[in-house]
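An overview of the molecular structure
What follows is each chain in one-letter form.
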Amino acid sequence: MQTQDLFCTRFFKTKIDKKSYNKEKIIEECISRYKEQPYRNDWDNFSVLHHYTNDMVNGPDLSSLDDIYDNIIQDYMSSIQGNFDYRWHLTNIAINTKYMVEHDHFHRLDNSQCMFACIHYISYNKDFHSSTRFKNPLKISDPFDNYKHISKQLYNTLDNSTYFSDYILDTEEDDFVIFPSYLKHCVDNGTKDDSIPRIVSSINIEWKT
């Protein structure tokens, strides 16, 4: 019997060496800014977090991660068949997210189109922090969610994720994840203890058109 993926939503995950960038300084700077202004959100009226959407100039200095992000993204893009002209840019850094509303990163501009999004879990402890919850874009997830007994039977393996309504990604500190930009995601009860910082950066990868 031959099995193949069809219309799958594939994500990529790798680990960044914590000694390869200025980790302690980034965390220290993020905590200092968070203490000055625990709630910083000009993005929407619902999310409870401190972040820098559209204002990365005044955000924490993540320059020591530039080459690391670039190398990871180059490796990922080289694994995709085809010759794509792309660019990536840091879009946000979120500190101690309590709640982030469901959203995606897909957009079109005159000269580009966002095709992939990335998350780097810079400071993260799964005992105190929630990971990212991804929503299933396939229609089949809705009727299966109505039959909880079926969903529970299928939920024991990620291979059956076609039938899930959503999935909380298993993540650890310094995991770097790449996923299609259309994939909606959110964060529920992200930080349960402010003394242990949850710091996450977001990156968009755009096709140049």
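Structure: above.
Since this is a predicted model, take the numbers as computed values, not measurements.

Parameters and conventions
Residues numbered from 1 in each chain as written. Predicted model: local features only at pLDDT ≥ 70, side-chain atom pairs only at ≥ 80, totals over all residues. Heavy atoms only, no water. Helix = DSSP H or I, 4+ residues; strand = E, 2+ residues; numbered from the N terminus. Buried < 20%, exposed > 50% of the residue type's maximum accessible area, 1.4 Å probe, protein only. Salt bridge = Lys/Arg side-chain N within 4 Å of Asp/Glu carboxyl O. Expected span 1.5 Å × (residues − 1). Arc of directions from axis to C-beta. Polar contact = N/O pair within 3.5 Å; in protein donor to acceptor, adjacent residues only side chain to side chain. Contact = heavy atoms within 4.5 Å.

**Comments concerning the overall build of the chain**
For the chain, the helix and strand inventory stands at 4 helices and 9 strands. The order of α-helices and β-strands along the chain, N terminus first, is β-α-β-α-β-β-β-α-α-β-β-β-β. The C-alpha extent of the chain, read off along each of the three principal axes, is 55 × 40 × 35 Å. Put simply, the chain has 209 residues, and 42% of those count as buried.

**Comments concerning the pattern of salt bridges**
The final tally for this structure, using the stated rule, is 12 salt bridges. Close ionic contact of Asp55 with Arg40 constitutes a salt bridge, the shortest N to O distance being 2.4 Å. Taken together, the residues Asp55 in the loop between strand E2 (48–50) and helix H2 (66–78) and Arg40 in the loop between helix H1 (23–36) and E2 connect sequence positions 15 residues apart. A residue is classified by how much of its surface remains accessible, and Arg40, at 17% relative accessible area, is buried.

**Details of H2**
Between its first and last C-alpha, H2 extends 18 Å over 13 residues, near the 18 Å set by a 1.5 Å rise per residue. When we look at burial in H2, the residues that qualify are Ile68, Tyr69, Ile72, Ile73, Tyr76 and Met77. Viewed end-on, H2 has its buried residues packed into an arc of 160°, placing them on one side of the element. Facing away from the buried surface of H2 by more than 90 degrees, the exposed residues are Asp67, Asp75 and Ser78.

**What to know about unusual backbone geometry**
Look at Asn54: it is not a glycine, yet its phi comes out positive at around 65°. Inspection of the secondary structure assignment puts Asn54 in the loop between E2 and H2. For Asn54, a relative accessible area of 78% translates into the label exposed. The phi torsion at Asn96 lies on the positive side, around 50°, for a residue other than glycine. Looking at where Asn96 falls in the secondary structure, it is placed in strand E3 (residues 86–103).

**With respect to the side chain of Arg40**
Within the structure, Arg40 has its side chain in polar contact with the backbone oxygen of His51 (distance 2.9 Å). At 2.4 Å, the side chain of Arg40 and the side chain of Asp55 are in polar contact. The residues touching Arg40, leaving out its near neighbours within four places in the chain, are Leu49, His50, His51, Tyr52 and Asp55.

**Description of H1**
For H1, built from 14 residues, the straight-helix expectation of 20 Å at 1.5 Å per residue is met to within 8% by its first-to-last C-alpha distance of 20 Å. Here H1 has its buried residues at Lys23, Ile26, Ile27, Glu29, Cys30 and Tyr34. For H1, the buried positions fall inside an angular range of 165° around the axis, keeping them on one side. Exposed side chains of H1 directed beyond 90 degrees from the buried face belong to Glu24, Glu28, Lys35 and Glu36. Structurally, H1 contributes buried residues whose contacts are with E2, E3, strand E4 (112–123) and strand E9 (199–208).

Note that all results are geometric; they support no functional claim without further evidence.
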